[in-house]
Amino acid sequence: MSAPSAEALLEPLPRLDEAGLAALFTRARTPNSFAETPVSDEELLSVWELARWAPTEANSQPLRVLYIRTPEGRARVMKHLAEGNRPKSDSAPVIAVLAADTQFHDHLPDLLPFRPGAREVFDADAEKRESVADYNSALQAGYFILAVRALGLAAGPMKGFDAAGLDAEFFPDGRLRSTLVVNVGHPSERPWFHRLPRLEHGHVITWA
């Protein structure tokens, strides 16, 4: 997928039809079990091909994705998951570990070429660097989940895991810091709990 042309950016923004809105938002659910249907390399690469176009601060793009499918990899990740989350991941054909790259600024000369000193600014300010990495990798995790859904797959994000143990297992050099585990695949026949309520407008929206 290539970047949109300048001419395309001048066109009116398209609106998703009801099926698209349902797939991404109104009917999207977090599955608790998955079918045995495999997920291909091409599908997994397509997830990032979609997610990478969404905006991040200073075009920093700090999210990194580890896809786990082999029996060996699954055994390594499973021991770091909360006990209640293990059956969900065990049924998923793919387990994605999302991580923040604490050295994302190494790529800024290519990603932000019109600010040639940006890398040095972040290199000198560890607190700012960690803040940008944490916030923007979380933002990108949301984009990742939407991209999974947009491609007709189900995403099951989970925070119930031992982050320190997972990092020592897969990212021992300390550069990457795990932030979220996402089960990816096709839902099983009865994958959902009853949908919980959502806040109404009056509890969320104010006007000024």
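Residues numbered from 1 in each chain as written. Predicted model: local features only at pLDDT ≥ 70, side-chain atom pairs only at ≥ 80, totals over all residues. Heavy atoms only, no water.

(A) Region of the structure containing the overall build of the chain. Of the regular secondary structure elements, the chain holds ten helices and four strands. When its helices and strands are written in sequence order, the chain yields α-α-α-β-α-α-β-α-α-α-β-α-β-α. In terms of overall size, the chain behaves like a compact globule, its C-alpha atoms giving a radius of gyration of 19 Å where 208 residues would be expected to give roughly 17 Å. If one aligns the C-alpha atoms of the chain with their principal axes, the spans along those axes are about 50 × 45 × 40 Å. (Helix = DSSP H or I, 4+ residues; strand = E, 2+ residues; numbered from the N terminus. Rg over C-alpha atoms; globule rule 2.2 N^0.38 Å.)

(B) Summary view of the pairing of strand β4 (residues 176-185). In terms of residue burial, β4 counts as a mostly covered element, since eight of its ten residues are buried. Where strand β3 (residues 154-158) lies against β4, five bridges are found, and the strand directions are antiparallel. Bridge pairing in β4 links P157 to V182. (Buried < 20%, exposed > 50% of the residue type's maximum accessible area, 1.4 Å probe, protein only. Pairing = 2+ DSSP bridges.)

(C) Geometry of a nonpolar patch on the surface. The grouping of M1, L50, W53 and L151 at the surface amounts to a nonpolar patch, some 370 Å² of accessible area in total. Within the secondary structure, L151 is located in the loop between α8 (126-150) and β3. You can call L151 partly exposed: its relative accessible area is 36%. (Patch = residues over 30% accessible without salt bridge, like charges linked within 9 Å, V, L, I, M, F, W, Y side chains within 5 Å. Areas by Shrake-Rupley, 256 points an atom, 1.4 Å probe, with all protein chains shown as cover. Salt bridge = Lys/Arg side-chain N within 4 Å of Asp/Glu carboxyl O.)

(D) Inspection of the environment of D110 at higher detail. Take D110: it is sitting in helix α6 (residues 108-111). Spatially, the C-alpha atom of D110 lies 10.0 Å from that of N59, the residues being 51 residues apart in sequence.

(E) Region of interest: the sheet that holds β3. In space, the four strands of this open sheet follow the order β1-β2-β4-β3, with antiparallel pairing throughout. The sheet terminates laterally at β1 (63-68) and β3, the two strands that pair on one side only. Direction aside, the axes of adjacent strands within the sheet are offset by 30° on average. Alignment of strand β2 (residues 94-101) against β4, held across eight bridges, turns out to be antiparallel. In the sheet register, L98 faces β4, and the bridge partner there is L180. Of the strands in this sheet, β1 and β2 are in contact with helix α4 (residues 71-78), which crosses β2 at around 60°. (Axes fitted to C-alpha atoms, helices over the stretch in contact; angles between N-to-C directions. Contact = heavy atoms within 4.5 Å.)

Note that all results are geometric; they support no functional claim without further evidence.
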